[in-house]
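Geometric and topological summary
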Amino acid sequence: MSYSDSDSSSGAGEYKNFRQISRERLLYEMLRSAKMKDSKSTWKVLIMDKVTVKIMSYSCKMADITAEGVSLVEDIYRRRQPLPSMDAIYFIQPTKENVIMFLSDMSGRTPLYKKAFVYFSSPISRELVAHIKKDTSVLPRIGALSEMNLEYFAIDNQGFITDNVKALEDLFGDEENTRKGDACLNVVATRIATVFASLREFPFVRYRAAKSLDPMTMTTFRDLIPTKLAAGIWNCLVKCKSVPNFPQRETCELLILDRSIDQIAPVIHEWTYDALCHDLLNMEGNKYVHEVPSKTGGPPEKKEVLLEEHDPIWLELRHAHIADASERLHEKMTNFVSKNKAAQLHGSRDGGELSTRDLQKMVQALPQYSEQIDKLSLHVEIAGKINRIIREQGLRELGQLEQDLVFGDAGMKDVIKFLTANEEASRENKLRLLMILAAVYPEKFEAEKGLNLMKLAKLPPEDMNAVNNMRLLAPSSEAKKSSAGAFSLKFDMHKKKHAARKDRGGEQETWQLSRFYPVIEELVEKLSKGELSKDDYPCMNDPSPTFHATSQAAAIHEAPVAHSMRSRRTPTWARPRASDDGYSSDSVLRHASSDLKKMGKRIFVFLVGGATRSELRVCHKLTGKLNREVVLGSTSLDDPPQFITKLKLLTAHELSLDDLQI
């Protein structure tokens, strides 16, 4: 089996981020190279299955694919028109069904296409290769037969998912099903291994060790998830060593965790622009629908926009606190208007300070209302909508209580007081509050206590399911303890407050409601410094003494993080940073990858059971802080409503994801 080559490892000339490498491999290694030297045909057909079409859509746009000579994209399972004068590229999973479909396309006297260039997304079995070779009519028509080793979904410049949406249910369900669980972990391991094969990286594989309460207690399947996954990835990586240009020594670090390390991150309100967009605006993926004034003077028209990395304003603001983002948008509008005389004439009628909404209307009225200002206006609208929902739902008070609970500054009495005083709070917000309470104080939900809380909150029994199922995500050493265990968990929260928070003082955590941070932030920092416990997080490839030395060296050469400060209009609510006019965001796009050029070794963190936007944000933040690209992987990326729905399913065996919504 051949394996096409690329200079994509982190040791190559110009540093490319994770998603850039994925994109370039698909476009240049696969699409561009799929042609015969004597071929006169310039256009090709691209044939994919349900999984590979998603892989492609996460990394490339249709214009990119067309630019590489693809005139038609087809589904391997649909009836297709014969195009005997054109070459075809098959990007497919190495399954028996796909191989049979490919052979039926290309065999016999009248094949569908002239030549077939076949690229498998992950390693193909010898049996299937033998099956292809048996068909003598097909062999001369094959232009390439290659393993691309690219079966992951690049959701972000520094994030990927393996797209196992049922992983939480299959692995953490109430009734342990080891057959289903092992099958799920095998798929996840294969897909993670293709990340390293694709990037030409060979990792030190660290994982959270299974801990039992005492030597007499059996470890459960749930306890062993990271251990089993680490073994599966290791088996796949050993096979990769025979691949051309695959490193023979370790080049990066991989830390395997599962959702039990942090039960709070998926349900607590995260106060950044990105997280609030997905949490409060009922978006479909990254798609936001808004109304724009009609060009013909009729009623407003609905328009779909994608909030993605090609939008410079989104790229600049997505990880900013919502109040900071709102202030920066106001400044951009103000600066644009101050530099535009026509806008000033529109606004000079009634003196006084203009609101962001007034500025938006003025800018929209201008004749040179450009695409960039269109984007700025869009984000002003989104931020305004989010701030309105925050006010209407009383989310600041709720957010404060959530964070106080986590840091041990609030307890049961405060929750009861909130539920009594805020009966009109939404069902979802009350449920999330009780889930946080259950994670911090599990003993408060024993026997009748939990039922009484649910009655007070006026929540139905299916919501009680979500709260009770938090216990399935607790590490067994915590779940099996009584109130002593809850005390130790609370004590850990205090420990974070008194220890780790002081360490973070240099980061000027002065925003209200920005106190919470996901557990992975602490773990990745310790990993980078070589301070992560080898007992709690052992290594599959038992590293030599030089391993920790390189980690420490990487930590010593940290790049200083620049902080520009100015006077604040809302000191309790935000820490805004210096910002210029509406055009300034372009520089963010220009410099997004140039900052990565002098990076240390990559760190990969994989979280089984779904990751959160706060965890993805932390990986971006730590990349700058540690001067090492931190890439987050997970089985899925879940916003709070999705996570709660999945959590309900852990004990609802007769239901499926389609039946259950909050």
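As a starting point, this report considers the structure included with it.

What to know about the overall build of the protein chain
Check the secondary structure of the protein chain and you find 26 helices and 13 strands. Burial analysis of the protein chain (662 residues in total) assigns 55% to the buried set. Restricting to contacts in the protein chain with at least 6 residues of sequence separation, those with at least 24 account for 79%. Accessible area of the protein chain: about 29,700 Å², with a carbon and sulfur share of 53%.

Re the pairing of strand β12 (residues 603-608)
Sheet faces and side chains relate simply in a regular strand, where the side chains alternate between the two faces. Within β12, six of the six residues are buried, which leaves it mostly tucked inside the rest of the structure. Going residue by residue along β12, you find I603, V605 and L607 tucked away on one face and F604, F606 and V608 tucked away on the opposite face as well. Bridge count between strand β9 (residues 252-258) and β12: six bridges; the pairing is parallel. Counted as the bridge partner of L257 is L607 from β12. The parallel pair β12 and strand β13 (residues 630-634) is bridged by helix α25 (residues 613-626), and the resulting crossover is right-handed.

Description of the pairing of strand β8 (residues 203-207)
With five of five residues buried, β8 lies mostly within the body of the structure. What you see with β8 is no split at all: P203, V205 and Y207 on one side and F204 and R206 on the other are buried throughout. Pairing between β8 and β9: five bridges, direction parallel. Counterpart to F204 in the pairing with β9 is E253.

Quick word on helix α17 (residues 427-440)
In this model α17 runs 20 Å from its N-terminal to its C-terminal C-alpha over 14 residues, within 8% of the 20 Å that 1.5 Å per residue would give. The buried fraction of α17 is high, at 13 of 14 residues.

What about the packing of aromatic side chains?
Each aromatic ring pair is specified by the distance between its two centres and by the angle formed by the two planes. A complete count under the given rule lists 11 aromatic pairs for this structure. Seen from their ring centres, F160 and F606 are 6.0 Å apart, and the 35° between their planes marks the pair as tilted. Of this pair, F160 sits in strand β7 (residues 159-161) while F606 sits in strand β12; the two residues are 446 residues apart in sequence, bridging distant segments of the chain. Clustering of aromatic rings is evident, with ring pairs tying together F18, Y152, F160 and F606.

Side note on the sheet that holds β12
The strand order across the open sheet built from six strands is β6-β7-β13-β12-β9-β8, with neighbouring strands paired in mixed fashion. A single partner strand is all that each edge strand has here, and the edge strands are β6 (153-156) and β8. This sheet shows a mean twist of 25° between the axes of neighbouring strands, independent of strand direction. This element, α25, spans β6, β7, β12 and β13 of the sheet and lies at about 160° to β13.

Some remarks on the packing of α17 against helix α18 (residues 448-457)
The interhelical angle for the contact between α17 and α18, taken along N-to-C directions, is 155°, at an axis separation of 11 Å. In terms of their interaxial angle, α17 and α18 are classed as roughly antiparallel. In the packing of α17 onto α18, the handedness of the crossing is right-handed. For the pair α17 and α18, contact is made by K430, L434 and L437 and by L453, M454 and A457, respectively. Of the residues contributing to the contact of α17 with α18, the split by class is five nonpolar, no polar and one charged.

A short note on the packing of helix α19 (residues 461-468) against helix α26 (residues 640-648)
Contact geometry of α19 with α26 gives a least axis separation of 8 Å together with a crossing angle of 90°. Taken together, the axis directions place α19 and α26 in an arrangement best described as roughly perpendicular. Across from E462, D463, N465 and A466 in α19, the residues of α26 making contact are I644, L647 and K648. Along the lines of polarity and charge, the residues of the contact of α19 with α26 split into three nonpolar, one polar and three charged.

Re the environment of H290
Here H290 lies in strand β10 (residues 287-292). Among all residues touching H290, those that are not within four sequence positions of it are E301, K302, K303, V305, L378 and E381.

Let's talk about the sheet that holds strand β5 (residues 142-147)
Backbone-to-backbone hydrogen bonds join strands into a sheet, with any given pair of strands oriented parallel or antiparallel. Within the open sheet, the five strands sit side by side as β2-β1-β3-β4-β5. Their pairing is parallel. Since the sheet does not close on itself, it has two edges, and those belong to β2 (70-75) and β5, each with one partner. Strand after strand, the sheet turns through a mean of 15° between neighbouring axes, direction not considered. With five bridges joining them, strand β4 (residues 116-120) and β5 adopt parallel strand pairing. Counterpart to Y119 in the pairing with β5 is S146.

Some details on the environment of I313
Secondary-structure assignment places I313 in helix α10 (residues 312-317). Classification of I313 by relative accessible area gives buried; the value is 3%. For the pair I313 and A325, spaced 12 residues apart in the sequence, the C-alpha separation amounts to 9.9 Å.

Section: the side chain of H269
Inspection of the secondary structure puts H269 in the loop between β9 and α9 (273-280). For H269, a relative accessible area of 3% corresponds to the buried category. One polar contact links H269 to N429, side chain to side chain, over a distance of 3.3 Å. Setting aside residues no more than four positions away along its own chain, H269 makes contact with D279, L395, L398, E402, Q403, N429 and R432.

Points about the pattern of salt bridges
Inspection of the entire model under this criterion finds 37 salt bridges. Close ionic contact of E428 with R432 constitutes a salt bridge, the shortest N to O distance being 2.7 Å. Of this pair, E428 and R432 both sit in helix α17, four residues apart, which is roughly one turn of that helix. By relative accessible area, E428 is classed as buried at 19%. What you see here is one network of salt bridges that share partners, running through R19, D156, E309 and R318.

What to know about helix α22 (residues 519-529)
Counting buried residues along α22, eight of its 11 residues qualify, which places the element largely inside the surrounding structure. Within α22 the residues assigned to the buried category are V519, I520, E521, L523, V524, E525, L527 and S528. Phi turns positive one or two residues past the end of α22, at G530, with a value near 75°.

Reading the values: the criteria
- Residues numbered from 1 in each chain as written.
- Predicted model: local features only at pLDDT ≥ 70, side-chain atom pairs only at ≥ 80, totals over all residues.
- Heavy atoms only, no water.
- Helix = DSSP H or I, 4+ residues; strand = E, 2+ residues; numbered from the N terminus.
- Buried < 20%, exposed > 50% of the residue type's maximum accessible area, 1.4 Å probe, protein only.
- Contact = heavy atoms within 4.5 Å.
- Areas by Shrake-Rupley, 256 points an atom, 1.4 Å probe, with all protein chains shown as cover.
- Pairing = 2+ DSSP bridges.
- Right-handed = clockwise from strand over helix to strand, strands pointing away.
- Expected span 1.5 Å × (residues − 1).
- Phe/Tyr/Trp six-rings, centres within 6.5 Å; stacked < 30°, edge-to-face > 60°.
- Axes fitted to C-alpha atoms, helices over the stretch in contact; angles between N-to-C directions.
- Parallel < 35°, antiparallel > 145°, perpendicular 65-115°, else oblique.
- Left-handed = near helix turned anticlockwise from the far one by under 90°.
- Nonpolar A, V, L, I, M, F, W, Y, C, P; charged D, E, K, R; others polar.
- Polar contact = N/O pair within 3.5 Å; in protein donor to acceptor, adjacent residues only side chain to side chain.
- Salt bridge = Lys/Arg side-chain N within 4 Å of Asp/Glu carboxyl O.

On their own, these measurements won't tell you what the molecule is for.
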